[in-house]
Amino acid sequence: RPKVTIPVLRNMMEQGQKITMLTAYDYPLALLEEQAGVDIILVGDSLGMTVYGMDSTLPVTLDMMINHAKAVRKGAPTAFVIGDMPYMTYQVSPQEAIRNAGRLMAEASVDAVKMEGGEEMASTIKAVVDATIPVMGHIGLTPQSISQLGGFKAQGRDAASAEKLMRDAKAVEEAGAFALLVEAVPPPVLEEITRRASIPVISLGSGKHAHGQLLIVHDILGFFDRFVPKFVKQYANLNSTIQEALKQYVKEVREGIFPEDQYTYSMKPEELAEFKK
Ligand code: KIV
Ligand code: NA
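Calculation notes
- Residues numbered from 1 in each chain as written.
- Chains lettered and ligands numbered in written order.
- Predicted model: local features only at pLDDT ≥ 70, side-chain atom pairs only at ≥ 80, totals over all residues.
- UniProt positions renumbered as here; feature names shortened; annotations may be inferred.
- pLDDT = per-residue confidence, 0-100.
- Near = placed C-beta within 6 Å.
- Nonpolar A, V, L, I, M, F, W, Y, C, P; charged D, E, K, R; others polar.
- Axes fitted to C-alpha atoms, helices over the stretch in contact; angles between N-to-C directions.
- Helix = DSSP H or I, 4+ residues; strand = E, 2+ residues; numbered from the N terminus.
- Parallel < 35°, antiparallel > 145°, perpendicular 65-115°, else oblique.
- Left-handed = near helix turned anticlockwise from the far one by under 90°.
- Contact = placed C-beta atoms within 7 Å.
- Pairing = 2+ DSSP bridges.

- If you check an unreviewed UniProt entry, the protein appears there as 3-methyl-2-oxobutanoate hydroxymethyltransferase from Calderihabitans maritimus.
- According to the UniProt record, the Function (unreviewed entry) comment for the protein reads "Catalyzes the reversible reaction in which hydroxymethyl group from 5,10-methylenetetrahydrofolate is transferred onto alpha-ketoisovalerate to form ketopantoate."
- The Pathway (unreviewed entry) comment attached to the protein in UniProt states, word for word, "Cofactor biosynthesis; (R)-pantothenate biosynthesis; (R)-pantoate from 3-methyl-2-oxobutanoate: step 1/2."

Laid out in structure tokens, this is it:
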């Protein structure tokens, strides 16, 4: 397929074609997602939790993100690849945000970066966009604010916070973001954000009323179940498939079944005879 670009995504929005988005953190999954035709791949800082076993996304560093984004880029040359900006790489100042987003773009060849935050982040988003770097906004449940939010909780469930989300969405769009991710808000709130938006809106756990959908790939594959949010639909159970294979391997080694002859190399009979002399 031709490379997915910002104009392609905008066109999909205008034609009412749903945009598909998943996370990926490494080469093999990126390859599979590219083959499956996923439009946008997010190298999310959720990798801190799904791949590194951290309790939150806060300890994830820019160097970690760059390394993982490089691997995803290799596996997914035509997907639109977005690199997540980790905690405190863009909050301190617009200058630092530009420098760090620039490293993700230049060193990992991603197509865009993603930043959490609404009104408060608008001037930073504008500065980064002005520096030639496309930005996806991210509002609603923003995991880097977990301490302020008091946990991984749905947002916008009362009228005042739903109104705040309307202002956030508007501010992010006006700052020049090319798209907006909305995480864990009730469907009526997402619907109103989408109705007012003129950039693609992607839903994560916020219902159908968006131009596209995102889920975390480890969640949909059943490959991470330390906790499973309400909005996750599991399309496979890799944990049990892998666990079965691992147990079988352990059993066969212990019982001397593995490796059977077919998994070993042969020697020519004359070489063997010479060797055994
Ligand atoms: O890091 C991530 O995967 C994300 C999604 C949860 C939106 O930011
Ligand atoms: Na993230």
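So much for the structure itself; the text now carries on.
**Brief notes about the confidence of the model for the protein**
No. 1: Within the protein, residue pLDDT values average 97, and 100% of them lie at 70 or more.
No. 2: If you check the scores for this complex, the pTM reads 0.96 and the ipTM reads 0.98.

**Observations concerning the site of ligand 1**
No. 1: If you check the shell around ligand 1, you find Thr23, Leu42, Gly44, Asp45, Ser46, Asp84, Leu181, Glu183, Leu204 and Ile216 and nothing else.
No. 2: Looking at the shell around ligand 1 residue by residue, the classes come out as four nonpolar, three polar and three charged.

**A few points about the packing of helix α8 (residues 159-174) against helix α9 (residues 187-196)**
No. 1: Packing of α8 against α9 leaves a shortest axis separation of 10 Å and a crossing angle of 30°. As the angle between them shows, α8 and α9 are arranged roughly parallel. Considering how the two elements wind past one another, α8 and α9 form a crossing that is right-handed. Of α9, the residues touching α8 (which contributes Ala162, Leu165, Met166 and Ala169) are Val189, Glu192, Ile193 and Arg196.
No. 2: Each residue belonging to the contact of α8 with α9 can be placed in one class, and the counts come to six nonpolar, no polar and two charged.

**Thoughts on the sheet that holds strand β1 (residues 19-23)**
Note: strands within a sheet are paired through backbone hydrogen bonds, in either parallel or antiparallel orientation.
No. 1: Taken in spatial order, the eight strands of this closed barrel run β1-β2-β3-β4-β5-β6-β7-β8, and their pairing is parallel. Each neighbouring strand pair of the sheet contributes to a mean axis angle of 25°, computed without reference to strand direction.
No. 2: In terms of strand pairing, strand β2 (residues 40-43) meets strand β3 (residues 80-84) through four bridges, oriented parallel. Counterpart to Ile40 in the pairing with β3 is Phe80.
No. 3: The strands that helix α4 (residues 62-75) touches are β2 and β3; relative to β3, the one it contacts most, it runs at about 170°.

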